[in-house]
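# Structural features, examined
Chain by chain, the residues run as shown.
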Amino acid sequence: MVLRVDVVAAALEAAYGEVPPARVIALTPQGRQLDQALVEELAAEPGIAVLSSRFEGFDARIVDHLCSDAISIGPYVLSGGELPAMVVIDAVARRLPGAIREESAAVESFSAALEGGLEYPHYTRPAEFRGWRVPDILLSGNHALIESWRRERSRERTPS
């Protein structure tokens, strides 16, 4: 099954009139791989349209003439674009103002605060469970040492 160019053109015109969003995205394994930089780029746009298909994908004229971007969520094949659409929408929406508390996103995987690296491990109560202990440094109350420990764990988790 291939999504028809005339059907997609009509859908875009019905939804947006003569002026579609600046970014009309086709979700396809041949696209640019989604990463945090692309998410940030898309979140800065005033609006985006996400096109997904099923099975064989799009008539090539859709991607070539109706889309500004082709995006892939990874090097694998799915039966349809519904899940990739949800991934793109969730990743972009959480970066929009007011979606989450700004401080929640300041230090997380791929953030500038972690130099683009992966986030450090998190722990909660109880301090010991089945003999598995929260690292003592995290219970020390020494915020400078805790921050140093977190940065080091982030660097260890991040592939080079």
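Keep in mind the model is a prediction, meaning the values are calculated, not measured. (Residues numbered from 1 in each chain as written. Predicted model: local features only at pLDDT ≥ 70, side-chain atom pairs only at ≥ 80, totals over all residues. Heavy atoms only, no water.)

Turning to the nonpolar core, a few remarks are in order. Counting 13 residues, the largest nonpolar core has Leu27, Leu34, Leu42, Ile71, Val88 and Val92 as its most contacted members. Residue assignment for this core shows that the elements contributing at least two residues are strand 2 (23-33), helix 2 (36-43) and helix 4 (82-93). Membership of the second largest hydrophobic core comes to 10 residues, among which are Val5, Leu12, Val24 and Phe58. (Core = buried A, V, L, I, M, F, W, Y, C linked by side-chain atoms within 4.5 Å. Buried < 20%, exposed > 50% of the residue type's maximum accessible area, 1.4 Å probe, protein only. Helix = DSSP H or I, 4+ residues; strand = E, 2+ residues; numbered from the N terminus.)

Taken together, the side chains of Tyr76, Leu78, Leu83 and Met86 make up a nonpolar region of the molecular surface, amounting to roughly 400 Å² of accessible area. Relative to the helices and strands, Met86 resides in helix 4. (Patch = residues over 30% accessible without salt bridge, like charges linked within 9 Å, V, L, I, M, F, W, Y side chains within 5 Å. Areas by Shrake-Rupley, 256 points an atom, 1.4 Å probe, with all protein chains shown as cover. Salt bridge = Lys/Arg side-chain N within 4 Å of Asp/Glu carboxyl O.)

Within the span of helix 2, buried status applies to Leu38, Val39, Leu42 and Ala43. Buried residues of helix 2, seen end-on, are gathered within an arc of 135 degrees and therefore sit on one face of the element. Taken together, the buried residues of helix 2 touch strand 2, strand 3 (48-51), strand 5 (69-72) and helix 4. (Arc of directions from axis to C-beta. Contact = heavy atoms within 4.5 Å.)

Taken as a whole and assessed by the stated rule, the structure comprises 15 salt bridges. The partner of Asp69 in a salt bridge is Arg23, with the nearest N and O atoms 2.7 Å apart. Pair noted here: Asp69 is in strand 5 and Arg23 is in strand 2, with a separation of 46 residues, a long-range link. Across this residue pair, the class does not change: Asp69 and Arg23 are buried. In this structure, Arg133 and Asp136 form a salt bridge, with 2.8 Å as the shortest nitrogen-oxygen distance. You can call Arg133 partly exposed: its relative accessible area is 44%.

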